[in-house]
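Residue-level structural notes
The primary structure of each chain is shown beneath.
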Amino acid sequence: MDDFQTGEETAFVVDEVSNIVKEAVETAIGGSAYQHNKVNQWTSNIVEQTLNLLTKLGKPFKYIVTAVIMQKNGAGLHTASSCYWDNSTDGSCTVRWENKTMYCIVSVFGLAI
Amino acid sequence: MAETANLSAQTYMIRPHFNQKFRPAVVKDNIREVLTEELSGKEYNSEDVTQLTRELSDKIKGKIKDLQYDRYKVVVQVVIGEQRGEGVKMASRCFWDCDTDNYVQDVFTNDSLFCVAAAFGAFYY
């Protein structure tokens, strides 16, 4: 297990992950307006794309990605998370994205193996 | 041969014992209990809800820890939103070992708010 830690970055890098998520969201819903019949597909695309790009990083991590898409209606939304893990190796990253008709919030949790 | 250890660092076990796996059914009951206890009769109030979401996620994590799943890392996510007729969709995907890891989710709704709680358990090898 110690072999993984020599020389290579094996802590959760928030910036890198945040860029990956932004890219995935832009590709999936970049110029679109909220459409009820398409949301299912959009959320699936976002999470799948994010996960694909994360696994390509090749780090010894288990990933959990959640995405919430909400129509802009004046309503409020709050997210909180509580984690029981190892602070030195594990981490999370949440990205908020919006356009004129909807909000998209993506959370990524990385758990070191 | 290594003695069967009482030291958890030396057990050489790479899989949880079958009756020590993260059990969705049991955890779901716990989550449901916490949500109904905390949210029944509550209204969406933008000042309190931040605090409420954090408390809920900590409470749920505490309950899962009480179930004593050995060597499991736990992530709990709680989303609370106001009910105003808007459309919302939440999805998640995980990259893990499906033999050992699992997740649970529960939704609570009343007239003024909706709440989704998701708990993920990942085995630490």
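Described below are features of the structure shown in this document. Treat the numbers as computed from the prediction; the structure is a model and nothing was measured. (Residues numbered from 1 in each chain as written. Chains lettered and ligands numbered in written order. Predicted model: local features only at pLDDT ≥ 70, side-chain atom pairs only at ≥ 80, totals over all residues. Heavy atoms only, no water.)

Here the focus is the sheet that holds strand β4 (residues 102-112) of chain A. Taken together, the four strands give an open sheet; going across it, the order is β3(A)-β4(A)-β1(A)-β2(B), and neighbouring strands pair in antiparallel fashion. In this open sheet, the two strands that pair with only one neighbour each are β3 (91-98) of chain A together with β2 (88-95) of chain B. Each neighbouring strand pair of the sheet contributes to a mean axis angle of 10°, computed without reference to strand direction. Of the strand pairs in this sheet, strand β1 (residues 61-71) of chain A and β2(B) are connected by eight bridges, and their pairing is antiparallel. Across the sheet, the residue bridging to A:Ile69 is B:Lys89, located in β2(B). Running at roughly 155° to β1(A), helix α2 (residues 39-56) of chain A makes contact with β1 and β4 of chain A together with β2 of chain B of the sheet. (Pairing = 2+ DSSP bridges. Helix = DSSP H or I, 4+ residues; strand = E, 2+ residues; numbered from the N terminus. Axes fitted to C-alpha atoms, helices over the stretch in contact; angles between N-to-C directions. Contact = heavy atoms within 4.5 Å.)

Take the interface of chain B and chain A next. A common measure of how large an interface is: the accessible area buried when the components associate. Listed by partner, the interface residues are 42 residues for chain B and 41 residues for chain A. Around 3500 Å² of area is buried between chain B and chain A when both sides are counted, 59% of it from carbon and sulfur atoms. The three residues of chain B that bury the most area against chain A are B:Lys89, B:Arg93 and B:Phe95, which together make up 22% of that side's buried surface. Linking chain B with chain A are three salt bridges. Notably, a salt bridge pairs B:Arg93 with A:Glu48, separated by 2.6 Å at the nearest N-O pair. Put simply, chain B and chain A have 22 residue pairs in polar contact (both at pLDDT 80 or more) between them. (Buried area = accessible area lost by both parts, 1.4 Å probe. Salt bridge = Lys/Arg side-chain N within 4 Å of Asp/Glu carboxyl O. Polar contact = N/O pair within 3.5 Å; in protein donor to acceptor, adjacent residues only side chain to side chain.)

Moving on, we come to helix α1 (residues 14-29) of chain A. Residues and elements named next belong to chain A. When the terminal C-alpha atoms of α1 are compared, their 22 Å separation across 16 residues agrees well with the 22 Å that a helix rising 1.5 Å per residue should span. Within the span of α1, buried status applies to Val17, Ser18, Ile20, Val21, Ala24, Val25, Ala28 and Ile29. Along the long axis of α1, the arc covered by the buried residues comes to 160°, so they all point the same way. Pointing more than 90 degrees away from the buried face of α1 are the exposed residues Asp15 and Thr27. The inward-facing, buried residues of α1 abut α2, β1, β3 and β4. (Expected span 1.5 Å × (residues − 1). Buried < 20%, exposed > 50% of the residue type's maximum accessible area, 1.4 Å probe, protein only. Arc of directions from axis to C-beta.)

Quick look at the side chain of A:Ser107 now. Turning to its location among the elements, A:Ser107 is positioned in strand β4. Overall, the relative accessible area of 4% leaves A:Ser107 in the buried class. For A:Ser107, the side chain forms a polar contact with the side chain of B:Gln77, separated by 3.0 Å. With residues near it in sequence (within four places) discarded, A:Ser107 still touches A:Ile64, A:Val65, A:Thr66, A:Cys93, A:Thr94 and B:Gln77.

Residue and element names in this part refer to chain A. It is at 9 Å that the axes of α1 and α2 come closest, and there the two elements cross at 145°. Here α1 and α2 pass one another in a crossing that is right-handed. On α2, the residues touching Val17, Ile20, Val21, Glu23, Ala24, Val25, Thr27, Ala28 and Ile29 of α1 are Trp42, Asn45, Ile46, Gln49, Thr50, Leu53 and Leu54. Here the residues of the contact of α1 with α2 sort into eleven nonpolar, four polar and one charged. (Left-handed = near helix turned anticlockwise from the far one by under 90°. Nonpolar A, V, L, I, M, F, W, Y, C, P; charged D, E, K, R; others polar.)

This part covers the nonpolar core. Counting residues in hydrophobic clusters, the biggest one holds 28 residues, and the most contacted among them are A:Val25, A:Ile29, A:Ile46, A:Ile69, A:Cys104, A:Val106 and A:Val108. Those residues in contact with A:Val106 that lie beyond four places of it in its chain are A:Val21, A:Val25, A:Ile46, A:Val65, A:Thr66, A:Ala67, A:Cys93, A:Thr94 and A:Val95. B:Val27, B:Tyr44, B:Val49 and B:Tyr69 belong to the second-largest nonpolar core, a separate cluster that totals 25 residues. (Core = buried A, V, L, I, M, F, W, Y, C linked by side-chain atoms within 4.5 Å.)

Examined against the element boundaries, A:Val65 turns out to sit in strand β1. Through-space distance from the C-alpha of A:Val65 to that of A:Cys93 is 9.6 Å; in sequence the pair is 28 residues apart. Residue contacts for A:Val65: discarding those within four places in its chain leaves A:Val47, A:Thr50, A:Leu51, A:Leu54, A:Val106, A:Ser107, A:Val108, B:Ala91, B:Ser92 and B:Arg93.

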